[in-house]
Amino acid sequence: MDAKEEVKDRLSVEEVVGDYVELKRAGRNLKATSPFTNEKTASFMVSPDKQIWHDFSSGKGGDIFTFVMEMEGIDFRGALEILARKAGVDLSQFKGPSAGASKQKERLYEAAQLATNYYHATFAKNKTATEYVVKQRGYNKQTIQDFKIGYAPASGTALTDFLKKRGFTADEMIKAGLATNRRGLYDLFRGRLLIPLSDGQGRPVGFTGRILEADDNGPKYLNTPATMIYDKSRQLFGLHLAKEAVRKEKFAVVTEGNLDVVASHQAGVKNVVASAGTALTKQQLLSLSRLTEDVRLSFDADDAGLAATERAIPIAQEVGVKLSIIELPAGKDPDDIIRDNPEAWSKLIKKATYVVDWVLQTYEKRLDIPSSQGKRALSDKALEVIARLSDPIEQEHYVRLIAGKLNVRIDTVQTKLDQLMNKTPAKKRNKVVPLSKEEAKKLTVNAFQDQLLGLNLLFTDVRTSLRGIEAVNFEGEERRLVADYILTNLDSSYNKLPKELLDIADYVKIILFKTEELYGDWSSTDRTIEAIGLAQRLKRNATQKRKQLLSESIRRAEAAGNDSQAQELLEQFHELLNE
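Conventions used here
Along each chain, the written sequence defines residue order, and numbers are assigned to residues from 1. Owing to the predicted nature of the model, reporting of local features is limited to residues with pLDDT of at least 70; listing and counting of side-chain atom pairs is limited to 80 or more, with chain, interface and lining totals taken over all residues. Heavy atoms from the whole structure form the basis of all side-chain values; hydrogens and water molecules are not counted. A helix here means a DSSP run of H or I that spans at least four residues, while a strand means a run of E at least two residues long, and both kinds are numbered starting from the N terminus. Residue contacts are defined here by distance: any two heavy atoms, one from each residue, within 4.5 Å place the two residues in contact. For the accessible areas, the method is Shrake-Rupley and the probe is 1.4 Å, while residue cover comes only from the protein chains on display. In summary, the charge assignment counts Lys and Arg as positive and Asp and Glu as negative, without counting His or the chain termini. The atoms used to mark charge sites are NZ of Lys, CZ of Arg, CG of Asp and CD of Glu. Put simply, a salt bridge is a Lys or Arg side-chain nitrogen that is within 4 Å of an Asp or Glu carboxyl oxygen. Partly exposed residues are those whose accessible area sits between 20% and 50% of the maximum for their type, while under 20% is buried and over 50% is exposed, using a 1.4 Å probe and protein chains only. Paired strands, in this sense, are two strands between which DSSP finds at least two bridges. Interaxial angles span 0 to 180 degrees and are taken between N-to-C directions of axes, which are lines fitted to C-alpha atoms, for helices over the stretch in contact. Ring pairs are drawn from Phe, Tyr and Trp, using the six-membered ring of Trp, whenever the two centres fall within 6.5 Å, and their geometry is named by plane angle: stacked under 30 degrees, edge-to-face over 60, tilted for the rest. Polar contacts, as counted here, are pairs of nitrogen or oxygen atoms within 3.5 Å of one another; within protein the pair requires one atom able to donate a hydrogen and one able to accept it, and residues that are adjacent in sequence qualify only if both atoms are side-chain atoms. Expected span of a helix: the number of residues minus one, times 1.5 Å. By definition in this entry, angles of less than 35 degrees are roughly parallel, angles greater than 145 are roughly antiparallel, angles of 65 to 115 are roughly perpendicular, and the rest are oblique. Crossing handedness: left-handed means the near helix sits turned counterclockwise from the far one by under a right angle, and right-handed means the same turn made clockwise. Confidence scores per residue from the predictor, reported as pLDDT, run from 0 to 100.

## Some details on the overall build of the chain
Moving on, step 1. Within the chain, the regular secondary structure consists of 25 helices and 17 strands.
Moving on, step 2. Relative to all contacts within the chain whose residues are 6 or more apart in sequence, the contacts with residues 24 or more apart total 65%.
Moving on, step 3. Only carbon and sulfur atoms are counted for the fraction: they give 48% of the accessible area of the chain, which is about 29,800 Å².
Moving on, step 4. Counting 86 positive and 82 negative side-chain charges, the chain places the averaged centre of each group 4 Å from the other.

## Description of the pattern of salt bridges
Moving on, step 1. One pass over the structure, following the stated rule, counts 30 salt bridges.
Moving on, step 2. Close ionic contact of K405 with E364 constitutes a salt bridge, the shortest N to O distance being 3.0 Å. Pair noted here: K405 is in helix α18 (residues 392-406) and E364 is in helix α16 (residues 355-366), with a separation of 41 residues, a long-range link.
Moving on, step 3. On the basis of relative accessibility, which here comes to 32%, the residue K405 falls in the partly exposed class.
Moving on, step 4. The partner of E396 in a salt bridge is R400, and the shortest N-O contact between them spans 3.2 Å.

## Some words on the sheet that holds strand β12 (residues 236-237)
Moving on, step 1. Taken in spatial order, the six strands make up an open sheet running β12-β14-β13-β15-β16-β17, and their pairing is mixed. In this open sheet, the two edge strands, each paired with only one partner strand, are β12 and β17 (353-354).
Moving on, step 2. The pairing of strand β13 (residues 252-255) with strand β15 (residues 294-298) spans four bridges and is classified as parallel. Opposite V253, over in β15, you have R296 as the bridge partner.
Moving on, step 3. Contacts from helix α10 (residues 239-249) reach β12, β13 and β14 (272-275) within the one sheet, and its direction differs from that of β14 by about 135°.

## Observations regarding the packing of aromatic side chains
Moving on, step 1. In this structure the tally under the stated criterion is 14 aromatic pairs.
Moving on, step 2. When the ring of Y519 is compared with that of W522, the centres are 4.8 Å apart and the planes differ by 90°; the resulting orientation is edge-to-face.
Moving on, step 3. Residue classification places Y519 among the buried positions, given a relative accessible area of 3%.
Moving on, step 4. An aromatic cluster is defined as three or more aromatic residues linked by ring pairs; in this entry it consists of Y20, F36, F44, W53 and F67.

## Considerations on the environment of S58
Moving on, step 1. Assignment of secondary structure puts S58 in the loop between β4 (52-55) and β5 (61-62).
Moving on, step 2. C-alpha separation for the pair S58 and D90, spaced 32 residues apart in sequence, amounts to 34 Å.
Moving on, step 3. Among all residues touching S58, those that are not within four sequence positions of it are F36 and T37.
Moving on, step 4. There is a polar contact of 2.6 Å between the side chain of S58 and the side chain of D55.
Moving on, step 5. Separated by 3.4 Å, the side chain of S58 and the backbone nitrogen of K60 make a polar contact.

## What to know about the sheet that holds strand β10 (residues 204-211)
Within a sheet, each strand pairs with its neighbour through backbone hydrogen bonds, oriented either parallel or antiparallel.
Moving on, step 1. Reading across the sheet, the four strands line up as β6-β9-β10-β11 and stay open at both edges, with antiparallel pairing between neighbours. Each edge of the open sheet carries a strand with a single partner, namely β6 (150-152) and β11 (221-223). This sheet shows a mean twist of 35° between the axes of neighbouring strands, independent of strand direction.
Moving on, step 2. In the sheet, β6 pairs with strand β9 (residues 192-198) via three bridges, with the strands oriented antiparallel. What sits directly across from G150, in β9, is L194.

## Examining unusual backbone geometry
Moving on, step 1. Its identity as a non-glycine residue notwithstanding, K148 has a phi of 50°, on the positive side.
Moving on, step 2. In this fold, K148 is placed in the loop between α7 (141-146) and β6.
Moving on, step 3. By relative accessible area, K148 is classed as partly exposed at 29%.
Moving on, step 4. Although it is not a glycine, N407 adopts a positive phi angle of roughly 60°.
Moving on, step 5. With respect to the helices and strands, the residue N407 is situated in the loop between α18 and α19 (410-423).

## Let's talk about α16
Moving on, step 1. Here α16 is twelve residues long and its end C-alpha atoms lie 17 Å apart, about the 16 Å a rise of 1.5 Å per residue gives.
Moving on, step 2. By the burial criterion, the buried members of α16 are V355, V356, W358, V359, L360, T362 and Y363.
Moving on, step 3. On its buried side, α16 packs onto α13 (303-319), β16 (322-325), β17, α17 (372-386) and α18.

## Topic: the pairing of strand β3 (residues 44-47)
Moving on, step 1. Neither face of β3 is open: one carries F44 and V46, the other M45 and S47, and all of them are buried.
Moving on, step 2. Across three bridges, the pairing between strand β2 (residues 29-32) and β3 is antiparallel. Each bridged residue has a counterpart across the sheet, and for K31 the counterpart in β3 is M45.
Moving on, step 3. Bridge analysis of β3 against β4 gives four bridges, and the strand direction is antiparallel. Following the sheet pairing, F44 is matched in β4 by D55.
Moving on, step 4. What sits between β3 and β4 in their antiparallel hairpin is a turn of four residues, with Q51 showing a positive phi close to 60°.

## Focus: the packing of helix α21 (residues 447-458) against helix α22 (residues 477-487)
Moving on, step 1. The geometry of α21 relative to α22 is characterised by a closest axis approach of 10 Å and an angle of 30° between their N-to-C directions. With respect to α22, the element α21 is oriented roughly parallel. Our pair here, α21 against α22, has a crossing hand that is left-handed. Contact residues: A447, Q449, D450, L453, N456 and L457 in α21; R479, V482, A483, Y485 and I486 in α22.

## As for the environment of S47
Moving on, step 1. Mapping S47 onto the fold places it in strand β3.
Moving on, step 2. Since its relative accessible area comes to 2%, S47 is described here as buried.
Moving on, step 3. Separated by 463 residues in sequence, S47 and I510 place their C-alpha atoms 9.3 Å apart.
Moving on, step 4. With sequence-adjacent residues up to four places away left out, S47 is seen in contact with V13, N29, I52 and F513.

## Thoughts on the pairing of β4
Moving on, step 1. Neither face of β4 is left uncovered, since the one carrying I52 and H54 and the one carrying W53 and D55 both have all their residues buried.
Moving on, step 2. Bridge count for β4 against β5 is two bridges, and the pairing is antiparallel. Bridging from a neighbouring strand, W53 pairs with G62 of β5.
Moving on, step 3. The antiparallel pairing of β4 with β5 creates a hairpin that spans five residues between the two strands, and G59 there sits at a positive phi of about 85°.

## Here we look at the confidence of the model for the chain
Interpretation of the predicted coordinates at a detailed level should be avoided for regions scoring low in pLDDT.
Moving on, step 1. When pLDDT is averaged across the chain, the result is 85; 92% of the residues are at 70 or more.
Moving on, step 2. Below a pLDDT of 50 lies the segment residues 425-443, which in the model reaches 18 contacts outside its immediate sequence neighbourhood of four places, other chains included.

## Re the side chain of R463
Moving on, step 1. Topologically, R463 is positioned in the loop between α21 and α22.
Moving on, step 2. Salt bridges are absent for the buried R463, whose nearest opposite-charge side chain, D491, sits at 6.6 Å.
Moving on, step 3. When sequence neighbours within four positions are dropped, the list of residues in contact with R463 reads N456, L457, I486, N489, L490, D491 and S492.

This is the structure in structure tokens:
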């Protein structure tokens, strides 16, 4: 048994889901309102028998791992680690190349957690630290507790002495980013206010240390170096506290500073996180994309902020999020605005400007557009941005916009864009995956195919609906496998999962679960009528798809001057029209 199966064997789906939502009994199943949408009626279902869940309002479903991945905004490995801890499964026992590293990482996580607890306790005893946080920063007790704000004593060995007593070695402390051994073993953070850096599940992985006003030595901010558990390119400060609010508000705000997040959180605006500097990374956007498709940046409008924003555009397109910019008053950061007027911050984040529009507007303000040099500079800067867009329709929109601003012909701007893109090495151009929003739309459009398969798999009396249908008519490999099984076993009843479908067991369970919920109390006649209607819809879709493919083939044959092939294809097209 592998780690995944061991965890599944120990945890039930109702136990895992019940930690996040309130479940109520509904016959053999359990139900709740959707944690993914704002619905008011319960359409989120859990099947203890099948050990799966399905949300009818959003179309999402799966097992305990997919549920935790959705709720926590993490990948499979992260979900496995969370559920393994809940189940009491030691992942290091599943021998493999990373077993030793996994055990070492757990030690570092434990050290970081103990350090967080120690620094938080020390903070309450240090008058300078508490006065700075309470009087100067204005943080209340709840905020201090939520962010586990701490203080590192200036002695130099306070934390290392504390951890030694708990069995941690010097090597473990150094690898956790808590100590240094330049002149013997010393605490990395000394005499600083500390804000723990936590991963998406709330586990401390490092610290940001700020000197207090009374101190004047060393850099103002000191961060944990890269370790096995801390990677600043993946880190989003405050994500574990922001996840619920991001889902509720349906957008996330990214600031530059950690203290901006703390201030915003205290002001009641909790869908806010901070990047480790202005260089927003693909990993950070991927983490947010699991929670929302709407990401709004609150970066400085200086050269560094503008450059970072431009770099983020192709990354956002690749990941599948809509990137916007929150425009702040000159010379102010979110913390300043929140201190002056928290309500103003709430209004600002709701008035974000689409990132491409903001970049073009920024260059337009900086350059002397009426002059020939200004026009050239604006076209250079604008087309560099437009070249990074993956959607040709969006590109054309901005080509027209720039042509209008420069008062030149559209084809002139398009020619310059084509020249720029042809000069860009293919490996640097962005070949993006389909946007998650489009994938979700496609999933919804084809959901009726799951209903047709579920009806025919569960109820043999409706299988006359499949006359004239082939497995290839269905979208997706999983659907085609189920369709092929049904079509080759038309007289067989479904009793248990056949070996032909073992590799897609979760998918089969979900479509059966949906079928039982939707059609379980329907009469045989009503189910048959429904199945025939769904089958007719499938046939219409298949015919339309064949028409499109034939139409494209005809155009290609005509363009190539192959008249005989074009005529043959045209005859096929007319036959299809007459069917």
